[in-house]
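Inside the fold
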Amino acid sequence: MDDDSFDPRSWAKPQQGAAKPQQDTAPAAIPAAAQPAESPPPASESGSAASSLPEAWRDIGTAFAPKPDAATHSAAKPAVAATSKPTRTASGMSPLLPLLLSLALLIGGGLAAWMTRHEVKRPAAPQQAVAEAPAAPEVPPSPGEVERSLVLAGVSDIVGALTAAGVSPQEAQAAAKAAAQVLAKPGEIHATLSLMPQGKAFLLQGLKASYADGSGAVVTRDSAGAFSGAAVAAELTQQIKVLRGEIDSESFYTSAVSAGVIDTLIPEFINAFTYDFNLASEINPGDTFEVAWAQSVNAQGGAVGQPQLLFASLTTPQKSLALYRFVSPDGKVAWYDGNGASTQRGLMRTPVDGARITSKFGMRFHPVLHYTRLHAGVDFGVPVGTPVYAAAAGVVIGATPTGCGGNMVVIQHDNGWVTRYFHLSHYAEGLHEGQRVSQGYTVGLSGTTGSCTTGPHLHFELRIGGEPVDPLSVKTDDSERKKLDGTSIQAFMHQRDRVDVARAKQAM
Ligand SMILES: [Zn+2]
């Protein structure tokens, strides 16, 4: 049941240098309406699931990263935490790097410049309005209307900003109330005030307030002096960015990050190849990959929301696969080849997201039982609480605790094969014998229950005719591969072409 799970040798070296894209990411502007509307995959929502993935990739890197060392071990851990942030920073960056960078700048005499830049970039303190455009409200240049632009931490700051600009408290309250009725979201607001000088004070003519995505409110003053707010829709366009890279001597993860791929996209890239590549054994240095993703941007070109992976390809001397992510009209997210054939097959090779293989199928010396015997399944190292999926459609024939294997689920599939899942921390609510489950149904959450385990992992078994078989190498029946048709294939082709145009434009 158990594993060699947490062997530091399975952690590849962290990224040392700065991330350097292999090519420019000239954006291709696409109307936002064309982008699929759906929620992000569970992996990116759950911190634990998402943070486990880089580990998986480092594990994959062990095939060609044989040198363990202490620095590798300690530096790998902060990298995991870093992946929960949507940054483009190389996650495996050494914690010493900022220090070294500072030192280098100091030597170059650039420290003063560096400090100045930081001063400029320091974010505005909350509750404080910061003038973006130079304005002199005390001495208006002309008796005409003046505009002031401000950045506010939130809706509640509007009143203070208006009174600070010279608007009477009563009018400030009324205008802020009108704005608040439309501005429902939290978040920073860019506000533009139209002010008419009136003696030493200012009469508010109106204000525009917008969030980063361009949505917001316009508040106007009617002839009777009352304020009313109207909503403004978001103005977003979608850009498709394309990056290509080569597998380095360490791991796919480090290769992707150094090519400039946003690290939060890597989990879904892995998922795309669940059915087709054994990523632990089938990729090697020099193999190539390509990634395309969509990013919504506002009118100023700033990124809004999370990037969404659209395309993933892997090329090795043995095989090459280019996959497109597509949301079918029924809302199902899946990956398809260029002809619209789904990647889904008879059996999921990896029934858990973010897995790294910590112990393979075959004879081995058992770490808990202390004798050599067949390891009848595959161990996937995942944090406790990671969803465990039915590897194929079938009927639950067991959902019971066992001594050695802890909480177990057994599924009999339609072709007679049986899969078993061990060490679960929880069963899915209501899961019971005789229950029909579809492929990908969450049967429980991973854990470390049972006496034959030394750490959190899923032990996954496949039995054919009662005999244990390696689920990673078994030949599956691909006749179930579905091809999109009707309006789905039309929509798919449209999206595929859009991605391919971006890929061609951003070719080397
Ligand atoms: Zn095991």
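**Observations regarding the overall build of the protein chain**
Counting its secondary structure elements, the protein chain contains 10 helices and 25 strands. By residue count, 41% of the 508 residues in the protein chain fall in the buried class. The contacts in the protein chain between residues at least 6 apart in sequence include a share of 68% that link residues at least 24 apart.

**Describing helix α8 (residues 252-259)**
Summarising burial for α8: 8 of the 8 residues are buried, a large majority. Among the residues of α8, F252, Y253, T254, S255, A256, V257, S258 and A259 are the ones counted as buried. Note on α8: the residue one or two positions beyond its end, G260, has a positive phi of about 105°.

**Quick look at the environment of N284**
Among the structural elements, N284 can be located in the loop between α9 (266-272) and β9 (288-297). The spatial distance from the C-alpha of N284 to the C-alpha of P317 is 9.6 Å, given a sequence separation of 33 residues.

**A closer look at the pairing of strand β14 (residues 362-365)**
Looking along a regular strand, one sees the side chains alternate between the two faces of the sheet. Of the strand pairs in this sheet, β14 and strand β15 (residues 372-375) are connected by 4 bridges, and their pairing is antiparallel. Bridging from a neighbouring strand, M363 pairs with L374 of β15. Between the end of β14 and the start of β15, which pair antiparallel, lie 6 residues, with H370 showing a positive phi angle near 60°.

**Topic: helix α7 (residues 169-180)**
In this model α7 runs 16 Å from its N-terminal to its C-terminal C-alpha over 12 residues, within 8% of the 16 Å that 1.5 Å per residue would give. Taken together, the buried positions of α7 are occupied by A172, A174, A175, A176, A178 and A179. Buried positions along α7 lie against α6 (158-164), β5 (201-210), β6 (216-221) and β7 (227-232).

**Observations regarding the confidence of the model for the protein chain**
Residues with a pLDDT of 70 or more make up 70% of the protein chain, whose mean pLDDT is 75. For the protein chain, per-element mean pLDDT is lowest for helix α1 (residues 42-45), which scores 32, and highest for strand β20 (residues 418-424), which scores 97. Segment residues 97-142: pLDDT under 50, and 30 contacts once partners within four positions in sequence are set aside and those in other chains are kept.

**Describing the nonpolar core**
Ranked by internal contacts, the top residues of the largest apolar core, which has 38 residues, are V261, V291, A292 and L310. Looking at this core, the elements that each hand over two or more residues are β8 (237-246), α8, α9, β9, β10 (303-315), β11 (320-327), β12 (333-336) and α10 (486-505). Leave out the neighbours within four places in its chain, and V291 touches L243, V261, L265, F269, F311 and A312. Grouped together as the second largest cluster of nonpolar side chains are 30 residues, I357, V382, A392 and L424 included.

**Section: the sheet that holds strand β21 (residues 426-427)**
Strand pairing in a sheet is mediated by backbone hydrogen bonds. Such pairs are either parallel or antiparallel. With antiparallel pairing, 3 strands are arranged side by side in an open sheet as β17-β23-β21. The sheet terminates laterally at β17 (387-389) and β21, the two strands that pair on one side only. One ladder, built from 2 bridges, connects β21 with strand β23 (residues 442-445); its direction is antiparallel. Bridge pairing links Y427 to G444 in β23.

**Side note on the pairing of strand β3 (residues 146-152)**
Of the two faces of β3, only one is covered, namely that formed by V146, R148, L150 and L152; the face formed by E147, S149 and V151 stays uncovered. Sheet topology places β3 next to strand β4 (residues 189-198); 7 bridges connect them, and they run antiparallel. When the sheet's bridge partners are listed, L150 is paired in β4 with A191.

**Some words on the environment of F460**
Looking at the element boundaries, F460 is found in strand β24 (residues 458-464). Between the alpha carbons of F460 and H423 there is a distance of 9.6 Å; along the sequence they are 37 residues apart. Setting aside anything within four residues of it in sequence, one finds F460 in contact with P351, G377, V378, F380, Y421 and P471.

**Some words on unusual backbone geometry**
Leaving glycine out, the prevailing phi sign among residues is negative, and the prevailing peptide bond configuration is trans. In this structure, H423 is a non-glycine residue whose phi angle is positive, near 70°. Counting through the fold element by element, H423 comes out in strand β20.

**Some thoughts on the environment of A502**
Tracing the sequence through the fold places A502 in helix α10. For the pair A502 and W293, spaced 209 residues apart in the sequence, the C-alpha separation amounts to 10.0 Å.

The rules behind the values
- Residues numbered from 1 in each chain as written.
- Predicted model: local features only at pLDDT ≥ 70, side-chain atom pairs only at ≥ 80, totals over all residues.
- Helix = DSSP H or I, 4+ residues; strand = E, 2+ residues; numbered from the N terminus.
- Buried ≥ 20, exposed ≤ 12 C-beta atoms within 10 Å, placed from the backbone.
- Contact = placed C-beta atoms within 7 Å.
- Pairing = 2+ DSSP bridges.
- Expected span 1.5 Å × (residues − 1).
- pLDDT = per-residue confidence, 0-100.
- Core = buried A, V, L, I, M, F, W, Y, C linked by C-beta atoms within 7 Å.

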